[in-house]
Amino acid sequence: MTPLIRTENLVTNFYTYEGVVRALNGVSLVVDHGTTFGLVGESGCGKSVAVRSMMRIIQEPGRVEGGRVVAFFDPRDKRRGIDLLQQSEAYMEHLRGDQISMIFQEPNAALNPIMSIGDQVAESFLFHKKKEMAAAVLAAMDRENGRPPWPLGAFQRALYARTAVSPRDPLVALTGRLPLVRRWQMRLRREALRRSVEIIGKLGIPNPEAVARLYPHNLSGGMKQRIVIAIALACSPLLLIADEATSNLDVTIQAQILDLLRHLKETEIASILLITHDLGVVAETCDRVGVMYAGNLCEVANVTDLFNAPRHPYTRALLEAVPRLHQDGPLRSIEGAVPNLVNPPAGCRFHPRCPEARAICRKHFPETVHLGGDHSVACYLYTDRPRGEGAA
Amino acid sequence: MLTYILRRFFFLTFVLFGVSVLLFGILMTFSPERRAAAYVTTPQQAKDIPRIIQQFGLDDPFYVQYVRWIKEVSRGNMGWSLVAARPVGEAFWRYFPITLEMNLYAAPIVIFLGIWLGSVSGIHRDSWIDHSTRIFAIIGWSLPTFLFALVLLMVFYGYFQMFSPGVLSDALAMSIIDHPDQYTAYTGMLTIDGLLNGRLDIALDALHHLVLPILTYVIVVVALNMRVMRSGIIEELSKDYVLTARAKGADRRTIHYRHARRNALLPVVTVAGQLVAMSMEGSIAVEVVYNRQGIGWWLAESATQLDMPVLMCICLFMGVVFVVTNLTIDILYAYIDPRIRLN
Ligand SMILES: Nc1ncnc2c1ncn2[C@@H]1O[C@H](COP(=O)(O)OP(=O)(O)OP(=O)(O)O)[C@@H](O)[C@H]1O
Ligand code: SF4
Ligand SMILES: [Mg+2]
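All values reported here derive from a predicted model rather than from experimental measurement. (Residues numbered from 1 in each chain as written. Chains lettered and ligands numbered in written order. Predicted model: local features only at pLDDT ≥ 70, side-chain atom pairs only at ≥ 80, totals over all residues. Heavy atoms only, no water.)

## Re the overall build of chain B
- Tallying secondary structure elements over chain B gives 15 helices and two strands in all.
- Along the first, second and third principal axes, the C-alpha atoms of chain B reach 85 × 50 × 40 Å.
- Among the 343 residues that make up chain B, the fraction classed as buried is 44%.
- For chain B, restricting intrachain contacts to residue pairs at least 6 apart in sequence, the fraction spanning at least 24 positions comes to 71%. (Helix = DSSP H or I, 4+ residues; strand = E, 2+ residues; numbered from the N terminus. Buried < 20%, exposed > 50% of the residue type's maximum accessible area, 1.4 Å probe, protein only. Contact = heavy atoms within 4.5 Å.)

Take a look at the structure:
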């Protein structure tokens, strides 16, 4: 397996008035090419913060303060990694939406209420596909041009020609900002809108031309989520991050969206990082699973291993809390509450709730242990055993 | 849309009726003698008071007096202004351009400066620019307008001899009066008339006299606009759609100006009505302190003399301004926010 993106000891803190929220406490995970990685854990354990840190879109007052996010996005050399945390903001802007995209939890809030659907999808193309679109417009212009071009038309054509070579050309940028003059981009916008309609249609929304002219409040939650997906998919990213993309939708829509994601995974995108509360969804869709607890990744394994042989006490508790069809014993909930991340417990952050906690767990943080079969776990129950053995 | 506007203008007549009845009622609480005394200038005339009451029916019942007033107004007779010593209608058009001129210059400054400073301080929260605009806003918000105007007048005119009160320097005013054939008052606004008459000196001098009034006015009125814009920007920037835009690859410029600012403008439009009210209040203090004979000055002078026809006229005018402002706000709102439909 070749990795697509890898985090190493990612640390993110929020500087709030109540104190420093230590939301990520050294998270290391790998998403491989062509796989779906599931991230599970209780509410507030830092799943969203983890993926937002990877994209560097943490909002104030948060800061990514340690670790690396290594991306292997180079199509020619898949082993050449780039640490995203070291890159400029401009580099990230160019990456976001083009190579990594994200779908958010709350479709009702994820769209700008006063911008038309078409314009919001078109932005993706205008940010990332200017060059290709300018070339397309240029070709269309040359096809149409029977009569000699009038002076303004020639000027417009020249600007498109420049854009097709380099969309960041200073003259293009300047004329794109001046009032009135910037109208030369009309055809570029029209082309972006045409592509938006195309992708909206591809996501199974009937009558996409009409939908593109509507505003978010005109659409249902499921429709809005499809639009959010359309925005994320517009430029066929390598990695799609779905942050509880279906949690707030009703069950039938949820199933439709998941089917859509599975289908897209086969046709459009390389890898998916799926955050969810629903272990059933994980079992159905994911290849690998990471379990998070209070800012730590406590266990990572292939999906069958995790469900059949969970190692970390928290993972076991989580699986026992899921109702099953053939339930033997009682349904157990996890005792205790999620710790406050301003003042997390010392040592293993799970120890106050852990039925198997030992003396060392209260003092020191457990190292991650690799148990063979690509199964790793951060827990003292496994540190003193030789690698690969590890029964509970 | 058109029916909506027409309906709002139909509604205007009720507003004006309500405003006039209310004000008329308040003025009626003064005794007939007190109101008649406004027309008496010397002690000898005091014996005429009963005759004046008799002649104008000042002790008739409320509704009789009100209906009489309405009748006169509908015939185009708004009454006599003591302060201006001419009919109210004529006096209004004489004072109105002075106030309009000041507002024409101040309003764009208030609107654009407020929105701009508000956005910048919201985007660069807790930076030096945020702190300085906050101080600016606190001063403008908490000092009474007349006090602020007086302080500016004392500092600039009293100490530096820089900006004199009034609307025009005496020498230029005399030159207009001495050669009435060389100067036509097209609009009544000196800066514009000066240009239209080819008298650049008059236009510039009038502009020079406008500096302090506009400064006072802008600092007092811009605070609200600026703070609402600032908190709007901060709130919008924390919303989820901003995250979607960032995840799309939007640069800061696009996020701030294309996404957040347009949304943050909605609350600013909502407080525009309050801004208009504040600017009217501001006009009174500014015109009195800087001795500019506009509507605000006229209102203050007439109020102290209990000059009823003038007070009624100005209140009706304000009623019209408010209704038109609110109508403009509604239309603007529907234009910015697709969720709003006028019907
Ligand atoms: N803007 C913020 N300011 C302060 N603390 C924050 C902020 N955003 C997140 N946190 C903290 O980071 C921790 C992790 O939050 P996160 O949103 O990643 O949880 P989550 O696992 O995604 O939960 P959920 O399942 O509810 O989405 C929380 O405990 C929260 O207190
Ligand atoms: S390290 Fe100790 S406290 Fe933490 S999960 Fe393992 S046994 Fe429990
Ligand atoms: Mg979350």
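## With respect to the overall build of chain A
- Broken down by element type, chain A carries 15 helices and twelve strands.
- Expressed as lengths along the three principal axes of its C-alpha atoms, the size of chain A is roughly 85 × 45 × 45 Å.
- For chain A, the proportion of its 392 residues judged to be buried stands at 52%.
- For chain A, the computed accessible surface area is about 18,600 Å², with 53% contributed by carbon and sulfur atoms.
- Within chain A, one finds 46 positive and 41 negative side-chain charges whose respective centroids are separated by 6 Å. (Areas by Shrake-Rupley, 256 points an atom, 1.4 Å probe, with all protein chains shown as cover. Lys, Arg positive; Asp, Glu negative; His and termini not counted. Charge placed at Lys NZ, Arg CZ, Asp CG, Glu CD.)

## Section: the site of ligand 1
Residue and element names in this part refer to chain A.
- Close to ligand 1 lie 17 residues; Ser-43, Gly-44, Ser-48, Val-49 and Glu-244 are nearest.
- Contacts to ligand 1 include Gly-44, whose backbone N or O atom sits 2.8 Å from an oxygen atom.
- His-277 places a side-chain nitrogen or oxygen 3.2 Å from an oxygen atom of ligand 1.
- Across the complex, the protein chains shield 70% of the 630 Å² of accessible surface that ligand 1 would expose by itself.
- When residues of the shell around ligand 1 are traced back to their parent elements, those giving at least two are β1 (3-16), β2 (19-32) and α1 (47-55).
- Ranked by the residues each element gives to the shell around ligand 1, the list is headed by α1, at three residues. (Near = heavy atom within 4 Å. Polar contact = N/O pair within 3.5 Å; in protein donor to acceptor, adjacent residues only side chain to side chain.)

## A look at the packing of helix α13 (residues 272-289) of chain B against helix α15 (residues 308-336) of chain B
All names here are of chain B.
- For the pair α13 and α15, interaxial distance at closest approach is 9 Å and the crossing angle is 155°. As the angle between them shows, α13 and α15 are arranged roughly antiparallel. The way α13 lies across α15 gives a crossing that is right-handed. Seen from α13, the contacting residues are Ala-272, Gly-273, Val-276, Ala-277 and Met-280; seen from α15, they are Met-318, Val-321, Phe-322, Thr-325 and Ile-329.
- Taken together, the residues that form the contact of α13 with α15 break down as eight nonpolar, two polar and no charged. (Axes fitted to C-alpha atoms, helices over the stretch in contact; angles between N-to-C directions. Parallel < 35°, antiparallel > 145°, perpendicular 65-115°, else oblique. Left-handed = near helix turned anticlockwise from the far one by under 90°. Nonpolar A, V, L, I, M, F, W, Y, C, P; charged D, E, K, R; others polar.)

## Some thoughts on the domain arrangement of chain A
- The assigned domain composition of chain A is domain 1 (1-110 + 237-392) and domain 2 (117-196).
- Centre-to-centre separation of domain 1 of chain A and domain 2 of chain A, based on C-alpha positions: 41 Å. (Domains from an automatic or database assignment.)

## So, the sheet that holds strand β11 (residues 368-370) of chain A
Residues and elements named next belong to chain A.
- Strand order in the open sheet formed by eight strands is β6-β7-β8-β3-β9-β10-β12-β11, and the pairing between neighbours is mixed. Both outer strands of the open sheet, β6 (100-103) and β11, are each paired with one neighbouring strand and no more. Direction aside, the axes of adjacent strands within the sheet are offset by 20° on average.
- Sheet topology note: the β6/strand β7 (residues 239-243) ladder contains four bridges and is parallel. Among the inter-strand pairings, Ser-101 is bridged to a residue of β7, identified as Leu-240.
- The sheet contacts of helix α10 (residues 221-233) involve β6 and β7, and relative to β6 the element is tilted by about 175°. (Pairing = 2+ DSSP bridges.)

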